[in-house]
Amino acid sequence: MSIIEARQLSKSFQQAVKDSGLKGAMKHLVAPKYIDKIAVKPLDLTIEAGESVAYVGPNGAGKSTTIKMLTGILVPSSGTVTVNGINPHKKRMENAQQIGAVFGQRTQLWWDIPIIESFSLLKDIYQIPDLTYKSNLDQFVEMLGMNEFIHLSARKLSLGQRMRADLAASLLHNPPILYLDEPTIGLDISVKQKIREFIKKINQEQRTTVMLTTHDLGDIEDLCQRLIIIDHGCIIYDGSLEQVKRHFAKERRIFFQMASPGPQLFTEITAASGLKLDVLSEMEFSISFDRYHFTASDVVSRVMKHGEVLDFRMEESSIEEVIKAVYDGNLDLNQTM
Ligand SMILES: Nc1ncnc2c1ncn2[C@@H]1O[C@H](COP(=O)(O)OP(=O)(O)O)[C@@H](O)[C@H]1O
Ligand SMILES: [Mg+2]
């Protein structure tokens with residue numbers, strides 16, 4: 001049996017329908033009306049032990065709702081879910097022992113007590129043996145660089161410190177499954193890096209199954225072999241990141257700023273087959289190209305022959321673009337790969 005198995009799992013929420021203004025509010029008091037808002041349409045999901053899966057999609061796609069059903073926080077509207085052999089929302093205590101969960105938007109730490117005291121409370125709650133606790137704590141403090149803030153209360157921590165503390169807290173009891181909902185949102189790159197290294201180590205060395213939602217392509221690249229894309233409550237892709245990238249990242253685009261990009265330059269670029277020019281303003285333009293036919297330095301040096309380049313940047317392909325492309329019909333992931 002797979003470690004996570006969901007069959008036809010769905011979730012709807014009741015949403016109040018109100019007309020605007022005071023009259024609408026009064027009417028709602030007397031005769032409230034509701035509609036069903038479907039957050040997750042019936043979906044099947046199978047995840048094997050030790051996998052590291054990125055679960056991505058635009059805002060409102062249904063990512064958090066899925067994770068909350070898998071963690072047992074939300075009761076599904078239909079379907080079945082089994083996590084490590086048990087039904088998470090029916091056996092909440094047993095389930096808690098086998099999962100760690102971090103929600104980037106809020107903390108599981110006690111707000112007013114020092115982090116180390118929160119950890120110690122978790123030790124009692126999860127009945128973590130002394131030796132396990134001590135060895136995990138030492139390792140997490142070291143790897144996540146928590147020494148400088150472990151005696152402060154959660155209230156006093158920066159976002160990056162708080163995320164590190166939350167991550168450590170979720171793993172003290174050695175759960176075989178770790179859910180991370182936007183764990184790197186709003187963090188600077190050095191903290192992101194620490195967190196990624198840590199998750200990677202836990203996944204590789206302990207074989208902890210990781211399911212991660214993120215908007216950061218770097219997180220996915222560093223951590224996940226498998227990518228699941230969800231939109232409007234439906235899974236629209238389930239496969240490797242490599243496949244998506246190979247296909248999608250074929251086209252690259254470089255934006256240039258030049259004091260006076262000459263007409264000669266534009267003629268040359270337009271004439272070259274495989275280069276596409278977009279003039280954006282008097283001083284700005286971009287060139288798109290197939291990365292299998294041109295290198296970036298190739299394109300930049302062609303431009304530099306024609307004058308001083310003030311600035312240039314390469315457009316990064318973000319996961320949002322992949323999803324947008326799928327939805328605009330520009331990229332049918334299942335057909336084309
Ligand atoms: N408690 C709730 N009550 C009503 N609607 C909700 C609730 N939670 C989420 N939704 C709605 O369900 C949809 C999916 O939300 P969510 O799972 O949070 O998306 P994501 O995490 O992908 O951004 C959204 O349209 C959201 O407004
Ligand atoms: Mg969310």
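This is a predicted model, so every value here is computed, not measured. (Residues numbered from 1 in each chain as written. Chains lettered and ligands numbered in written order. Predicted model: local features only at pLDDT ≥ 70, side-chain atom pairs only at ≥ 80, totals over all residues. Heavy atoms only, no water.)

Let us now look at the domain arrangement of the protein chain. By a widespread convention, an interface's size corresponds to the accessible area lost as its parts come together. Once the domains are mapped, the protein chain shows domain 1 (4–246) and domain 2 (250–316). On a C-alpha basis, the centroid separation for the pair domain 1 and domain 2 is 42 Å. (Domains from an automatic or database assignment.)

Spatially, six strands are ordered 5-6-7-3-8-9 in an open sheet, and the strand pairing comes out mixed. At either margin of the open sheet sits one strand with a lone partner, and together these are strand 5 (99–103) and strand 9 (234–240). This sheet shows a mean twist of 15° between the axes of neighbouring strands, independent of strand direction. Note: strand 5 against strand 6 (residues 177–181), five bridges, orientation parallel. (Pairing = 2+ DSSP bridges. Helix = DSSP H or I, 4+ residues; strand = E, 2+ residues; numbered from the N terminus. Axes fitted to C-alpha atoms, helices over the stretch in contact; angles between N-to-C directions.)

By size, the foremost hydrophobic cluster in this structure holds 46 residues, and its most contacted members are Phe 119 and Leu 227. Among the elements that make up this core, the one with the highest residue count is helix 6 (residues 159–171) (six residues). Counting 24 residues, the second largest nonpolar core, distinct from the first, contains Ile 3, Ile 47, Phe 103 and Tyr 179. (Core = buried A, V, L, I, M, F, W, Y, C linked by side-chain atoms within 4.5 Å. Buried < 20%, exposed > 50% of the residue type's maximum accessible area, 1.4 Å probe, protein only.)

What follows covers the packing of aromatic side chains. This structure, assessed with the given rule, holds four aromatic pairs. For the pair Phe 140 and Phe 198, a centre-to-centre distance of 5.2 Å together with 90° between the ring planes defines the contact as edge-to-face. Here the residue Phe 140 occupies a position in helix 5 (residues 130–144), and Phe 198 occupies one in helix 7 (residues 189–205), the gap between them amounting to 58 residues. Across the pair, exposure class does not vary: Phe 140 and Phe 198 are buried alike. Between Phe 266 and Phe 285, the aromatic rings sit 5.3 Å apart at their centres with planes inclined by 75°, giving edge-to-face as the arrangement. (Phe/Tyr/Trp six-rings, centres within 6.5 Å; stacked < 30°, edge-to-face > 60°.)

Let us now look at helix 6. Helix length check: helix 6, at 13 residues, gives a terminal C-alpha distance of 19 Å against a target of 18 Å (1.5 Å per residue), a fit within 8%. Judged by how many residues are buried, helix 6 sits mostly within the fold: twelve of 13 residues are covered. Along helix 6, the residues that are buried comprise Gly 160, Gln 161, Arg 162, Met 163, Arg 164, Ala 165, Asp 166, Leu 167, Ala 168, Ala 169, Ser 170 and Leu 171. The secondary structure elements touched by the buried residues of helix 6 are strand 5, helix 4 (115–125), helix 5, strand 6 and helix 7. (Expected span 1.5 Å × (residues − 1). Contact = heavy atoms within 4.5 Å.)

Bringing the packing of helix 4 against helix 6 into the picture now. Where helix 4 meets helix 6, the axes come as close as 10 Å, and the angle between the chain directions of the two elements is 15°. Here helix 6 runs roughly parallel to helix 4, going by the angle between their axes. Where helix 4 crosses over helix 6, the handedness of that crossing is right-handed. Between helix 4 and helix 6, the contacting residues are Ile 115, Phe 119 and Leu 122 on the first element and Ala 165, Ala 168 and Ala 169 on the second. Residue classes in the contact of helix 4 with helix 6 are distributed as six nonpolar, no polar and no charged. (Parallel < 35°, antiparallel > 145°, perpendicular 65-115°, else oblique. Left-handed = near helix turned anticlockwise from the far one by under 90°. Nonpolar A, V, L, I, M, F, W, Y, C, P; charged D, E, K, R; others polar.)

In this section: the site of ligand 1. Around ligand 1, the surrounding shell consists of Phe 13, Lys 37, Ala 39, Pro 58, Asn 59, Gly 60, Ala 61, Gly 62, Lys 63, Ser 64 and Thr 65. The contact in question runs from an oxygen atom of ligand 1 to an N or O atom on the backbone of Ala 61, over 3.1 Å. In this structure, Lys 63 approaches ligand 1 through a main-chain N or O atom, which is 2.8 Å from an oxygen atom. For ligand 1, whose unbound accessible area comes to 560 Å², protein coverage reaches 65%. For the shell around ligand 1, the elements supplying multiple residues, two or more each, are strand 2 (33–47) and helix 2 (63–71). Ranked by residue count, the leading element in the shell around ligand 1 is helix 2, at three residues. The class makeup of the residues in the shell around ligand 1 is four nonpolar, five polar and two charged. (Near = heavy atom within 4 Å. Polar contact = N/O pair within 3.5 Å; in protein donor to acceptor, adjacent residues only side chain to side chain. Areas by Shrake-Rupley, 256 points an atom, 1.4 Å probe, with all protein chains shown as cover.)

Our next topic: the pattern of salt bridges. Within the structure shown, the criterion is met by 15 salt bridges. For Arg 155, the salt bridge is made with Asp 112, and the minimal N-O distance between the two is 2.7 Å. Placement of Arg 155 in the loop between helix 5 and helix 6 and of Asp 112 in the loop between strand 5 and helix 4 is noted, with a sequence separation of 43 residues between them. For Arg 155, a relative accessible area of 46% corresponds to the partly exposed category. Overall, Asp 112 belongs to the exposed group, its relative accessible area being 53%. Among the ionic pairs, Asp 278 bridges to Lys 276, the shortest N-O distance being 3.2 Å. Connected through shared salt-bridge partners, Lys 192, Arg 196, Asp 216, Asp 219 and Asp 222 make up one network. (Salt bridge = Lys/Arg side-chain N within 4 Å of Asp/Glu carboxyl O.)

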